[in-house]
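# Structure assessment
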Amino acid sequence: QVQLVESGGGLVQPGGSLRLSCAASGGTFSAYAVGWFRQSPGKEREFVAAISRGGTTIGYADSVKGRFTISRDYLQMNNLRPEDTAVYYCAAEPNRGLHTPVVVPNQYTYWGQGTQVTVSS
């Protein structure tokens, strides 16, 4: 059973940066497709970024392109905006997304508990 634990969230001013980490245990995380999603109160969980199981393909939501960078272990977030405020979740999937990033939340098997990111002055 894979367990994921996010860390690195917090309060940051607009234009600031944060690095979210996703620590995995209980599985071969390096062989999984990995994704980051976020959810604000009253909204559905939305795709942020993902990396394919093979590690060769990365996808980003349009709203974060050029500002966020994903690796298998972290999500680097630069030039943060108030609209980036949300709970951020990492997810891992062992069976899908070999060559293509998985961007749909319900296609992920494992989830972390989430970490709060608040962007405010």
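As the structure is a computational prediction, the values presented were derived from the model and not from experiment. (Residues numbered from 1 in each chain as written. Predicted model: local features only at pLDDT ≥ 70, side-chain atom pairs only at ≥ 80, totals over all residues. Heavy atoms only, no water.)

### As for the overall build of the protein chain
Broken down by element type, the protein chain carries 0 helices and 11 strands. Moving toward the C terminus, one meets the helices and strands of the protein chain in the order β-β-β-β-β-β-β-β-β-β-β. Relative to the globule expectation of 14 Å for 121 residues, the C-alpha radius of gyration of the protein chain, 13 Å, shows essentially globular dimensions. Its C-alpha atoms give the protein chain principal-axis dimensions of about 40 × 25 × 25 Å. (Helix = DSSP H or I, 4+ residues; strand = E, 2+ residues; numbered from the N terminus. Rg over C-alpha atoms; globule rule 2.2 N^0.38 Å.)

### Things to note about the pattern of salt bridges
Pairing is possible between side chains that carry opposite charge, provided their charged atoms lie close to one another. Under the definition given, this model contains 4 salt bridges. Put simply, R38 and E46 hold a salt bridge, and the shortest N to O gap is 2.6 Å. A cluster of three or more residues bridged by salt bridges with shared partners is formed by R38, E46, R67 and D84. (Salt bridge = Lys/Arg side-chain N within 4 Å of Asp/Glu carboxyl O.)

### Overview of the state of the cysteines
Summed over the entire model, instances satisfying the criterion amount to 1 disulfide. Between C22 and C90 runs a disulfide, and the two sulfur atoms are separated by 2.1 Å. Disulfide C22-C90: torsion about the S-S bond near 60°, hence right-handed. Taken together, the residues C22 in strand 3 (residues 18-25) and C90 in strand 9 (residues 86-93) connect sequence positions 68 residues apart. (Disulfide = S-S within 2.5 Å.)

### What to know about the sheet that holds strand 7 (residues 68-70)
Taken together, 4 strands build an open sheet; the order of strands is 1-3-8-7 and the sheet is antiparallel. The open sheet has two free edges, formed respectively by strand 1 (3-7) and strand 7, since each of these has just one partner strand. Pairwise comparison of adjacent strand axes, ignoring direction, gives a mean angle of 15° for this sheet. Sheet topology note: the strand 3/strand 8 (residues 74-77) ladder contains 4 bridges and is antiparallel. When the bridges of strand 8 are listed, L18 appears paired with M77. (Pairing = 2+ DSSP bridges. Axes fitted to C-alpha atoms, helices over the stretch in contact; angles between N-to-C directions.)

### Quick notes on the nonpolar core
L4, W36, V48, F68, L75, M77 and Y88 are the most contacted members of the largest nonpolar core, which totals 34 residues. Put simply, the parts of the chain that give this core at least two residues each are strand 3, strand 4 (33-39), strand 5 (46-51), strand 7, strand 8, strand 9 and strand 11 (115-119). The contact partners of L4, leaving out residues within four places of it in the chain, are C22, A23, A24, F29, C90, A91, A92, Y110, W111, G112 and Q113. (Core = buried A, V, L, I, M, F, W, Y, C linked by side-chain atoms within 4.5 Å. Buried < 20%, exposed > 50% of the residue type's maximum accessible area, 1.4 Å probe, protein only. Contact = heavy atoms within 4.5 Å.)

### Notes on the pairing of strand 9
A regular strand places its side chains so that they alternate between the two faces of the sheet. In terms of burial, strand 9 is largely enclosed, as 7 of its 8 residues are buried. Across 7 bridges, strand 4 lies against strand 9 in antiparallel orientation. Residue pairing across strands places F37 opposite Y89, the latter belonging to strand 9. As paired strands, strand 9 and strand 11 are joined by 3 bridges and run antiparallel to one another. Bridge pairing in strand 11 places V87 opposite Q116. The pairing of strand 9 with strand 10 (residues 110-111) spans 2 bridges and is antiparallel. Residue A91 lies in a different strand from strand 10, and its bridge partner there is W111.

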